[in-house]
Structure formats: C-alpha cells, structure tokens
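Each chain is listed here by its residues.
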Amino acid sequence: MRYGRPMEIEDVPTPALVLNVDALERNLHRMADDCRAAGVALRPHTKTHKSPWVARRQLRLGAAGVCAAKVGEAEVLVQAGIEDVLITTDLVPSTMERVLELSGLARVTAVVDSVAMARELGARASRRGVELDVLLDLHVGQGRTGVEPGPAAVEVATAIAEAPGLRLAGLQAYEGHCQMVFDPEEQRRRAFAAYERIAAARREIEEAGLRVTWVTTAGTGSYRLAIEHGTATEVQPGSYVVMDSRYTRVRPPRFENALFVLSSVVSTNREGRAIVDAGWKTLSSDGGAPAVRDRADATYEFAGDEHGRVMGLGRVGEGDRVWLVPSHCDTTINLHDRYVLVGDDGRVQGSLPVAARGRSA
C-alpha cells in the first residue's frame, strides 16, 4: 500500500482480509518446534495461505519443502523461487506436461493412484529425458483419492517403480476424515486406524521388494496424532498458519487465529441487527458462518453476496468495525486478492498479494 501517511486500521477499506503477522509468526514457530522435537519432517501445505512469502518463512524455520494442492499453485511457488514442492492432487494427462516443465526448475514430486496414470506419466517423463519422484496415493478412509491398501496398492507401486522416467519415492495417505473430529478420543481412534492402514500397506509394498522411505500424511487437526503413532516420516499441515473458527475447536488447541475479515456496519435500521458489508463474496460458507472476534455472545448470518447480519453487538453505528473469524480459512483466502498485514498492536504494516489465488487447475 502506498499512501501519503502511515495507514491506520481505521483507514482500511472494507471488507478486507486481515493477517496478523505476529500471530502468524508464533504459529509457524510452534509447528516447526513440534516437528523438530519429534524428529518428523514438516512439509506445510500452501493451499491455505497461497503465498510464497509465507512459504519462505516456513522453509527458513526448517520445513523440508512445501505442498501445493494443484499444479497452478506449484507454478506460482516455483516461479517465486521455492525449490521443493509436492503436488498432493493426483495428476491426469492434461496436467502432466506442466509438472514435467516445472521439474526442470525445482524438485517437484507428484502423486498417482492408478496403474494407467503411472504408465502415462512415466512415458511422458521418459520422452523428455526426465526422472520424476512420485508418491503412491493411498486411500485410508477419506473417500476421495487414493488406491486401496492391499494388492491394488502393491500393483500401483510396482507400476510406478517400473515406469521409465519415474522413481517410487514413497507413500502419501491423507486422513482428511480425521481433521474435524472434535472429540479427542474419537479422533485418536479414527486417526490410528488410518495410520495402521498406512503401516500395513507399507509392509506389503516392501515385501514385494520395493523401498518406501517417505510416508507423508496428516493435517493441522491430526499432526500430533501422526507423530504419536510413529508411522509418518513427514506431516503436511496447512491451516495452522492462520487457523479458523472450526479448527480452534479441535483439542488440544495449539495455534491461534491470525486471519480475520474486517467489516463495517452499513445499516442499523433493523432492531437488534447490525448489517455489515461482508457476505458470500467475502467469506466462504462451506464451513458455516464466521464467528465474531472476542464476542461469544454475538452471531453472524449471511444476508447475501455483499451483506451479513450480526446479532448481539448492542449499540453500534454506521461505520463501526466488526472483526470476523472465518469458518474455513482456505476457501475464504481464495476469495481475496491481498492480505492487509497488521501486528499485535493493530497497526497496518502493509499488504501482501494472495499470489496463488484461483490457481485451481
């Protein structure tokens, strides 16, 4: 931001995506310290923050590399100088050439979950004279991508290992169905069941004569359980950097909210309700309504593309600011072009592009 004087938070046009960089820094250090103490590699997922600036800070704190959900996100990272990227979404022919192009600029690792895609990717890599690290994508309960443990997993792992141009680097097995389980004992039970599936698949693949030295799994809600179980060599949490109102319900709490949407009251004509200028275009709704910061007695409900209703604020006037905590950080961030950066003192420190926003292909 360039203005004739330092910008105050009261000057920020709303609605605005606000990132507290002091809270961000504390979250980055906590995760790095936890993984370092456990001797488990940290490969944070950038699909949350979508920012090479944040990724570089994670790498400086010891991350082994970073994850990207999509090839487009990986392109943004590599073009910004990030040198080790795991693309966690399975490749199809329409994305393979872009990944092979990237592999000439950085260490890029891909995942596949079928014999057909392993052979297709290997053929393309071989034609280019490229050797690409590939992880077998293993299904452990989420019901999304991944091959089932057992003979099918051994078959795909063998296809990767035998494909010209590919190296079988290990396993990816994301237990996404365990992230938002708010009962600690139930979450532990589900997560450990998933890790046992990973361990069994690893044994079966190694018994087939293949080496599996890299096992990557877990997210913000489960990384501590993956560390406890001991099967994972690496964890790939993403949301911990900024958190959201849902993740702060996962126990035990370890990280703090660093991400907010700053909104303004635009109308007080409805008794008991303040209408703010933040609606569906500003806050994602897939995780429900956002929370109102520091006001457990206040509630927000969506009122359209541009508006929201906030109840329980008491007496407010037009122009008053309302700080909202998104329910889902990843999808809310993807609605914005930039972050407004503030510190704990609330002073504006600048802005940061959401560089990989919309790079979903």
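Just so it is clear, the structure is predicted and the values come from calculations on it, not from any experiment.

It is worth spelling out the nonpolar core at this point. Side chains that are nonpolar tend, in soluble globular proteins, to be buried together. Residues Leu121, Leu136, Ile160 and Tyr339 are the most contacted members of the largest nonpolar core, which totals 100 residues. The contact partners of Leu136, leaving out residues within four places of it in the chain, are Val112, Val147, Ala153, Val156, Ala157, Ile160, Leu168, Gly170, Leu171, Gln172 and Ile205. Within the second largest apolar cluster, 12 residues are counted, among which are Val12, Leu262, Val325 and Val342.

Taken together, the buried positions of helix α2 (residues 52–60) are occupied by Pro52, Val54, Ala55 and Gln58. Take α2 and look down its axis: the buried residues cluster within an arc of 155°, on one side only. Structurally, α2 contributes buried residues whose contacts are with α1 (21–38), β3 (66–68) and α3 (71–79). A positive backbone phi angle near 110° is found at Gly62, which sits one or two residues after α2.

We now examine helix α6 (residues 151–162). An ideal rise of 1.5 Å per residue puts 16 Å on 12 residues; α6 measures up with 16 Å between its terminal C-alpha atoms. All buried positions along α6 are accounted for by Ala153, Val154, Val156, Ala157, Ala159 and Ile160. Where α6 is buried, its residues touch β5 (107–112), α5 (115–128), β6 (132–137), β7 (166–172) and α7 (184–207).

Moving on to the pattern of salt bridges. Summed over all chains, the structure comprises 30 salt bridges. With a closest N to O distance of 3.3 Å, Asp84 and Arg107 form a salt bridge. On the criterion of sequence distance, the pair formed by Asp84 in strand β4 (residues 84–87) and Arg107 in strand β5 is long-range, its members being 23 residues apart. With relative accessibility at 14%, the residue Asp84 sits in the buried group. Using a relative accessible area of 37% as the deciding quantity, one classes Arg107 as partly exposed. Across the pair Arg189 and Glu186 runs a salt bridge whose closest N-O atoms are separated by 2.7 Å. Of this pair, Arg189 and Glu186 are both found in helix α7, 3 residues apart, which corresponds to roughly one turn of the helix. Look at Glu186 and you get partly exposed, because its relative accessible area is 23%. The network of salt bridges with common partners includes Arg43, Asp84, Arg107, Glu131, Asp133, Arg167 and Glu234.

Calculation notes
- Residues numbered from 1 in each chain as written.
- Predicted model: local features only at pLDDT ≥ 70, side-chain atom pairs only at ≥ 80, totals over all residues.
- Heavy atoms only, no water.
- Core = buried A, V, L, I, M, F, W, Y, C linked by side-chain atoms within 4.5 Å.
- Buried < 20%, exposed > 50% of the residue type's maximum accessible area, 1.4 Å probe, protein only.
- Contact = heavy atoms within 4.5 Å.
- Helix = DSSP H or I, 4+ residues; strand = E, 2+ residues; numbered from the N terminus.
- Arc of directions from axis to C-beta.
- Expected span 1.5 Å × (residues − 1).
- Salt bridge = Lys/Arg side-chain N within 4 Å of Asp/Glu carboxyl O.

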